[in-house]
Amino acid sequence: MTMTRADDEAAIKGVLEGVYKAWDAGDADAFVAEYRDDATAILPGSYRRSKEEVRASMAAGFATFLKGSTTVDTLDSIRFLGESAAVVVSETAVRFPGETEVPAGRTVYATWVLEKRDGGWLLVSYQNSPAAPAA
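First things first, this report covers the structure right here in the doc. Computed from a predicted structure; not experimentally measured.

A word on the pattern of salt bridges. Summed over all chains, the structure comprises 9 salt bridges. Among the ionic pairs, Arg5 bridges to Asp8, the shortest N-O distance being 2.7 Å. On the criterion of helical spacing, the pair formed by Arg5 and Asp8 is a turn pair, its members being 3 residues apart in helix H1 (residues 5-25). Owing to a relative accessible area of 26%, Arg5 belongs among the partly exposed residues under this scheme. Asp8 gets classed as buried once you look at its relative accessible area, which sits at 1%. If you follow the salt bridges from partner to partner, you end up with Arg5, Asp8, Glu83 and Lys116 in one network.

With that out of the way, let us pick up the side chain of Ser50. Checked against the element boundaries, Ser50 lands in the loop between strand E2 (46-48) and helix H3 (51-63). According to the relative accessible area criterion, Ser50 is buried, its value standing at 18%. Beyond its immediate chain neighbours, meaning those up to four positions away, Ser50 contacts Asp37 and Ala39.

Let us look at the sheet that holds strand E6 (residues 120-130). Ordered in space as E2-E1-E6-E5-E4-E3, the 6 strands form an open sheet in which the pairing is mixed. Of all the strands in the sheet, just E2 and strand E3 (70-80) have a single pairing partner and so form its edges. Across the sheet, the axes of successive neighbouring strands diverge by a mean angle of 20°, strand direction being ignored. Here strand E5 (residues 107-117) pairs with E6 via 10 bridges, running antiparallel. When the bridges of E6 are listed, Trp112 appears paired with Tyr126. Of the strands in this sheet, strand E1 (35-43), E3, strand E4 (85-95), E5 and E6 touch H1, which is tilted by about 160° from E3. Each of E1 and E2 is contacted by H3, which is oriented at about 60° to E1, the strand it contacts most.

Reading the values: the criteria
- Residues numbered from 1 in each chain as written.
- Predicted model: local features only at pLDDT ≥ 70, side-chain atom pairs only at ≥ 80, totals over all residues.
- Heavy atoms only, no water.
- Salt bridge = Lys/Arg side-chain N within 4 Å of Asp/Glu carboxyl O.
- Helix = DSSP H or I, 4+ residues; strand = E, 2+ residues; numbered from the N terminus.
- Buried < 20%, exposed > 50% of the residue type's maximum accessible area, 1.4 Å probe, protein only.
- Contact = heavy atoms within 4.5 Å.
- Pairing = 2+ DSSP bridges.
- Axes fitted to C-alpha atoms, helices over the stretch in contact; angles between N-to-C directions.

Okay, here's the thing in structure tokens:
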């Protein structure tokens, strides 16, 4: 069966939805379920060099300062790089317990790099930067 780009887009969206649901559940293992073992994550002030480093840092966060937090996410674009790679751009923010809105300044722009392997999509790299207000 040949997958169309629409199928690939749906599969990629499913991977990201799984990450967001895992965050909302505070589940570090589920958070990295679709990460490659050598995946990287770069956030302001930190560089995680493997799936295990990402899992460990998320587990620590979910047990402390991220406990009970949820994410607010908007997919901006999916761009395919050949048949087996894609770059996704999204906007995301963390909402902490008791917050009904995300305070100004907490939104980030994120870039996700995914690779298609054995018919499924895996996260290879993630990076985010604070969203600057429109000029």
